[in-house]
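# Architecture at a glance
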Amino acid sequence: MNPFLLRSVIFYSSSDMSMKQLFALTALLFSFLQISAQTKVSGIVQDAVTGEPMIGATIMYEAGKGAATDLDGLFEFSLPAGTYQVEATYVGYKAQKQEVVVGTSQIRLEFLMESETMSEVEIIGDIAIDRKTPVAFSNISPMKMREELGGQDFTMILNTTPGIQATQGGGGDGDSRVSIRGFSPSYVAVMVDGIPMNDMENGGVYWANWFGLDAVSQKIQVQRGLGASKLAIPSIGGTINVISEGVAQERRIALVTDYGNNNNARLTFGIHSGKLKGNWYLTSAITARYNEGWVDNLGSKQFNYFVKIQKQVGKSFFSLTAMGSPQTHNQRNGRLPIGMYSSEYAEKVGAPVYNNGNRGLRYNPFWGSLHRNRFDKNAEEEIFSSRVNSYFKPIFNLKHLWTPNQKFGLSNIVYASFGRGGGTAITSSPAGSDGQLDMQKLYTENTTGTYGIFNIYFPQWDTTLVNDTNMYKAEHYRSKRMNNHVWYGLLSTFKYKYNDHIEISGGIDGRYYHTDRYAILDDLIGADYAVPAGIGGGDLNSSDNGVRYVGDIFDYKIRSTVQQAGLFGLVEYSKGPLSAFANATVSFTRYYRVDYYANKNEDGSYVNSGWKEFPAGTFKCGVGYNLNRSNNVFFNAGILSKAPFLSQSFAGTTGLSTYTGLKNEIVNSAEAGYIYSTKPLRIAANIYYTLWKNKPVTGGKNVGGDQYYYNVPGMLAVHKGFELEAEYKPTKSLSIEGAISIGDWRWMDEATAYITNEAGTLIVDTVDFSATDVRVGDNAQTQLSLGIRYSPIKGLYFKPRITYFDNYFASFNPEDLVGENENKQSWQIPAYYTIDFNFGYNMDLNGGKNKLGLKVNLMNVTNNIYVSDAQNNEFGNTFDAASAGVYMGLGFRWNVGASYTF
């Protein structure tokens, strides 16, 4: 109680005062006591299906009294002691009420809002729901991405979830890769708003094409194992579901800026229109980024746009989305011996030390300095990179959602993607004394050699001979391997609530994809033309002189076509504490290749592979049981028959013949888990076992400048392990989260490898090898993550995090495991850890209508030196650090950022 008020009451009580005055003072005193005894009530409002925080939801405790949720779905107000009916409402959702008894302890509420009709995510999203969907999964919130990414590829945030390892590969923007449970990125399905995004040729996902996706994501869910998807997708390791931002009830504009080491600058502008006249909605964002790169001259220029226009017409909802990320970035896509980076680390792990090594963790040998005008000593020097990736892959989708009632929903999606671009390489890579490419040497040889359009010899270049008629032939040039594709898809899904306990859903999934692969001259390095592939420029149907200029096609021209059609069905049962599902799919995949540069057939048609056809299917089921309000157990199992990828089917990148012994991959998987969930603590643990039959192994190796490819049509592997994820919130200001993953992933048999050259011709008959009990490489089998978020005052937070990886083995080449080296273990990469520290401050402005956020991100604060990726025996045959080719992890980095939302 206020001492001044108390003294005043005592003084006036002892004075001569009227009863009226005394009554007024008493009322004032009790009023003050009532105000001072108020208790804080806070909480969050979320979508029951997606877990998305609901912005602008109304929370009422009395008629006309309450609050609205902020950008994180949070609300807060104070109430005097008593019993209240607190109601949450949001347009398009069923109102929810909770009885609240206010005493002296603070109260935190949680409202999980259910839509009045089926939502798009419920029908097609394949999103797992806590304590209901019997699969292992983790959710990544927008707040976590905002606070922890710090200018990195958004895939790096996934290292905080069990069973996942994301690395940054060569270190270029967008060159990261994600493995789950020991399965390579090709076997991790990526879905954006229910649409499959994995490449139709090899299953890969090129994250450079999806820069800025974190800025428009309302949620990322990672499902480990076969997952809950209804479609026939390569989700053997797991599925990454990205749900983009959708309808917002209120207008919202956001401006976000980041700046970090090496001029890593990023700016994002986003807008939600709210509900417009005529039931229109608009969500859009643009993001631009410029980065010189932590690795030497690994710069990038990236841009992202996202536009979603939505319209409600009665019971129908239409949505048109366009997004794309045109980008150019330099690459370091060649591993090096450890000693080239660090002599100290090389000695520590038993690798050789090189006289010309020890160039630092940032070392990138794929660039050099170049003066384009050798007669002008003052000419500007340029940085010339031999490895440049530029690509643009816009995607468009049109959705129609029809929900005539609460029992039935129908979704139809048509989508299209048009990719164009490729990566470069040069014909020769002479290294100068500084360890970089001697580009001036290549330029000099190109401008002082033979010239004349028909390769007529002229005297050595001399300044007196300079005239406009001399044309110099390039002995060295940079080529660009193009991959231009067209991709169309149709996904039609229905969902029907048979009764209060049974839901049935199913539909069709059709995809058409074709890609044109060819090489073009990208840079002649001072010369005027080249004759890169002899007469016809590599085209055996042409008899021209082979002269090619910048932009001209040469060497090869291949078109590959993929057609896939599938049917899927799902039955879900839920009654009381029990939930269960059964899912089946059938699919049919066809591949076809045409070689436009090979000699035509006698009838004048182009040489082709003919159609290669692969039927496939899956069946999976699961059951979950809520033992009580805090404890849940689940089990799921499945069998999957998967068609090989196109890249695993044909011999080499341009070959037309399929590998011998090609057959479907067969995967048997089972998983069991337990979830404990209370207000302060949530623990999710699971064990899994996956038996992979006919697992193909593919890869490449450069020997003496010639590229060779190996393909193993079928191997047997076993992946088993334990995963645990926990979050503890003892107070509102403190939360602790951790993850543990312990895997045992091994190859189990002997096999045969087929080795071809670039054209797909077998260079040896076969190579028989044995990899029995050899550990699966390229993904750490032990992972630990621990993070703390502490908020001493409202808006201020501190977030240290440590991530640890161990039992990590280098990838192997099958041809190494022969003779006395059969079943020999690959080099075990030393265990490593990184410590990140994030802190920031968020403040409400203008009565909470606007929000300002400031943050600082410090990555690898201890500047720990470690190997992030490794290939066994890339520089020898010793199965240890001495012959391994590696990428080193990135050192200490920093980022500062600010955001303003209004």
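Residues numbered from 1 in each chain as written. Predicted model: local features only at pLDDT ≥ 70, side-chain atom pairs only at ≥ 80, totals over all residues. Heavy atoms only, no water.

## As for the sheet that holds strand S7 (residues 107-113)
The sheet built from three strands is open, its strands ordered S4-S1-S7 with mixed pairing. Since the sheet does not close on itself, it has two edges, and those belong to strand S4 (74-79) and S7, each with one partner. Between one strand and the next, the sheet's axes are offset by a mean angle of 20 degrees, whatever the strand orientation. Direction of pairing for strand S1 (residues 39-47) relative to S7: parallel, over a ladder of seven bridges. Bridge assignment links Ser42 to a residue of S7, and that residue is Arg108. (Pairing = 2+ DSSP bridges. Helix = DSSP H or I, 4+ residues; strand = E, 2+ residues; numbered from the N terminus. Axes fitted to C-alpha atoms, helices over the stretch in contact; angles between N-to-C directions.)

## Some thoughts on the confidence of the model for the protein chain
Per-chain confidence: the protein chain averages 87 in pLDDT, with 89% of residues scoring 70 or above. Mean pLDDT across the secondary structure elements of the protein chain bottoms out at helix H1 (residues 3-13), with 39, and peaks at strand S42 (residues 796-806), with 98. This stretch, residues 1-16, has a pLDDT under 50; its non-local contacts, to residues over four places away or in other chains, come to eleven contacts. The low-confidence segment residues 451-469 (pLDDT under 50) makes 30 contacts with residues lying over four places distant or belonging to another chain. (pLDDT = per-residue confidence, 0-100. Contact = heavy atoms within 4.5 Å.)

## Some thoughts on the pattern of salt bridges
Oppositely charged side chains are able to pair whenever their charged atoms sit close together. Taken as a whole and assessed by the stated rule, the structure comprises 37 salt bridges. The salt bridge involving Lys40 is made with Glu76; its shortest N-O contact spans 3.9 Å. Highlighted residues: Lys40 in strand S1 and Glu76 in strand S4, separated in sequence by 36 residues. A residue is classified by how much of its surface remains accessible, and Glu76, at 33% relative accessible area, is partly exposed. Across the salt bridge formed by Arg548 and Asp544, the nearest N and O atoms sit 3.2 Å from each other. Accessibility expressed as a relative area gives 30% for Asp544, which makes it partly exposed. (Salt bridge = Lys/Arg side-chain N within 4 Å of Asp/Glu carboxyl O. Buried < 20%, exposed > 50% of the residue type's maximum accessible area, 1.4 Å probe, protein only.)

## Focus on the packing of aromatic side chains
Taken as a whole and judged by the stated rule, the model has 25 aromatic pairs. Following the ring pairs from residue to residue traces out a cluster consisting of Tyr61, Phe75, Phe77, Tyr84 and Phe111. We note Lys557 situated over the ring of Tyr596; from NZ or CZ to the ring centre the distance is 5.6 Å. The positively charged end of Lys642 is found above the aromatic ring belonging to Phe645, 3.6 Å away from the centroid. (Phe/Tyr/Trp six-rings, centres within 6.5 Å; stacked < 30°, edge-to-face > 60°. Lys NZ or Arg CZ within 6 Å of the ring centre and 35° of its normal.)

## Structural notes on helix H7 (residues 439-447)
Within the span of H7, buried status applies to Met439, Leu442, Tyr443, Asn446 and Thr447. Along the axis of H7, the buried residues cluster in a sector spanning 120 degrees; they form a single face. Elements in contact with the buried residues of H7: strand S21 (367-371), strand S22 (381-385) and strand S25 (408-426). (Arc of directions from axis to C-beta.)

## Digging into unusual backbone geometry
A positive phi angle is found at Asn263, which is not glycine, with a value near 55 degrees. Along the chain, Asn263 falls in the loop between strand S15 (252-260) and strand S16 (264-272). Accessibility expressed as a relative area gives 29% for Asn263, which makes it partly exposed.

## Some details on the pairing of strand S2 (residues 58-62)
In the case of a regular strand, side chains alternate between the two sheet surfaces. Where S2 and strand S3 (residues 65-68) come together, four bridges link them in antiparallel fashion. Looking at S3, one finds that Ile59 is bridged to Ala67. A loop of two residues connects S2 with S3, the two strands running antiparallel in sequence, and Gly64 in this loop sits at a positive phi of about 80 degrees. Relative to strand S5 (residues 82-89), S2 runs antiparallel, the two sharing three bridges. From the neighbouring strand, Met60 faces S5, where its bridge partner is Glu87.

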